[in-house]
Structure formats: C-alpha cells, structure tokens
Amino acid sequence: MIIFVFAGQGSGMAYDKLTDGGPGSPSGLVVAALAHAFALIVAVSVGANVSGGHVNPAVTFGAFMGGNITLLRGILYWIAQCLGSVVACFLLKYATGMETGAFALSSGVSPMSALVFEIVMTFGLVYTVYATAVDPRKGNIGIIAPLV
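Rules and cut-offs
- Residues numbered from 1 in each chain as written.
- Predicted model: local features only at pLDDT ≥ 70, side-chain atom pairs only at ≥ 80, totals over all residues.
- Heavy atoms only, no water.
- Salt bridge = Lys/Arg side-chain N within 4 Å of Asp/Glu carboxyl O.
- Buried < 20%, exposed > 50% of the residue type's maximum accessible area, 1.4 Å probe, protein only.
- UniProt positions renumbered as here; feature names shortened; annotations may be inferred.
- Helix = DSSP H or I, 4+ residues; strand = E, 2+ residues; numbered from the N terminus.
- Expected span 1.5 Å × (residues − 1).
- Contact = heavy atoms within 4.5 Å.
- pLDDT = per-residue confidence, 0-100.
- Axes fitted to C-alpha atoms, helices over the stretch in contact; angles between N-to-C directions.
- Parallel < 35°, antiparallel > 145°, perpendicular 65-115°, else oblique.
- Left-handed = near helix turned anticlockwise from the far one by under 90°.
- Nonpolar A, V, L, I, M, F, W, Y, C, P; charged D, E, K, R; others polar.

Participant: So what exactly am I meant to see when it comes to the pattern of salt bridges here?
Facilitator: Between side chains of opposite charge, pairing is possible as soon as their charged atoms come close. Within this structure, the stated rule accounts for one salt bridge. A salt bridge links lysine 93 to glutamate 99; its shortest N-O distance comes to 2.5 Å. By relative accessible area, lysine 93 is classed as partly exposed at 38%.

Right, dumping it as structure tokens:
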C-alpha cells in the first residue's frame, strides 16, 4: 500500500506543483491513472507471495467473504493497509514539503451517484481479482493477475 499511495498521490501532487494548482486536464488525469495503474501492478506483484497481493481493503474483504482468509488475517491486512497509506502520506510530506490532498467529488456529482459508481467499480475490482488470482480454478491466468 505504501508503493501504491506514494506513487498515486505523488503523481497528483507533482501535477499540482507543475501546474501551480491549476485545473485538471485530460492529460493530467491520464498521468494520474497511469501512475496508479503501474504502482498497483508493482504493489500486487511484490506482495503476491506474502499476502496474495492484498493492496485494497475491499479485495481483502472479498477474500474473507469467499473463505480464502480468516477474519483475524483480514483484520491484520486492513490494519497494515491503513498504516501503509498513512506512512506513504508522511513520506510524501517529508520528501516534498507539501500537504497530501484529500479526495472530493467533482462539481455536479451527487453523493448518491458517487456511491453507486464506487460500489460498481469496487465490485469490478474484487471480481477481477477473485477470478484471476484467488479462484482455485483460475488455471494459468493467475500469472497475469497483477496486470489484469
């Protein structure tokens, strides 16, 4: 989680610094998305042999609900994931001298719309992870699970 948050949040902070806090642009969104994607690939690949690549708490919850990890292990993963995020933010603050930003809804997006979007996208993430990395019937596709 340290790698994921450091690279993802750091890319947003770098973009903000380069544009002097200017409005987001399509190219800035692509850069942030790519930074998050590559950081997630690295984080999952590095953690695959340790925890099964649990970077996202929702994935951990899905693995618990599917009976692939115990509740105690899930709670320990959640604690580690949250601590990793906090450590990454402290490292970014130390390395850049900037405050890490908070996420907010874009103008015109209602909280209910954002909630529905988050539920659908999180389901897609957990389903993909389950199908490619967790399910014992996955076959050879498990080797590309971090990329997927």
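Back to the text.
Participant: Would you mind going over the UniProt feature "transmembrane region" (unreviewed entry) in the protein chain with me for this structure?
Facilitator: UniProt records the feature "transmembrane region" (unreviewed entry) at residues 30-50, 71-94 and 114-133, using the numbering of this structure. The span residues 30-50 shows a helical share of 100% and a strand share of 0%, and its end C-alpha atoms are spaced 30 Å apart. The span residues 114-133 shows a helical share of 100% and a strand share of 0%, and its end C-alpha atoms are spaced 28 Å apart.

Participant: In this structure, what is going on with helix H4 (residues 71-96)? I would like to understand it.
Facilitator: Think of an α-helix as 3.6 residues a turn; residues three or four steps apart then line up on the same face. For H4, with 26 residues, the first-to-last C-alpha span of 37 Å sits near the 38 Å given by 1.5 Å per residue. Looking only at H4, the buried set comprises Gly74, Tyr77, Gln81, Gly84, Ala88 and Leu92. Looking at the buried side of H4, the elements it contacts are helix H1 (2-18), helix H2 (26-51) and helix H3 (57-65). Where H4 ends, the next residue or the one after it, glycine 97, has phi of about 75°, a positive value.

Participant: I'm lost on the confidence of the model for the protein chain in this one. Help?
Facilitator: Parts of the prediction with low pLDDT should not have their coordinates interpreted in detail. A residue-level look at the protein chain finds 91% of positions with pLDDT of 70 or above and a mean pLDDT of 85. Per-element mean pLDDT across the protein chain ranges from 83 in H2 up to 93 in H4.

Participant: In this structure, what is going on with the packing of H1 against H2? I would like to understand it.
Facilitator: Helix-helix packing: each pair is described by the crossing angle between the helix axes and the interaxial distance. Interaxial distance between H1 and H2 falls to 8 Å at its minimum, and their mutual angle equals 165°. It follows that H1 is roughly antiparallel to H2 by the angle criterion. Every pair of crossing elements has a handedness; the one defined by H1 and H2 is right-handed. On H2, the residues that touch Ile3, Phe4, Ala7, Gly8, Gln9, Ser11 and Tyr15 of H1 are Gly28, Ala32, Ala35, His36, Ala39, Leu40, Val42 and Ala43. Of the residues assigned to the contact of H1 with H2, the class counts are ten nonpolar, five polar and no charged.

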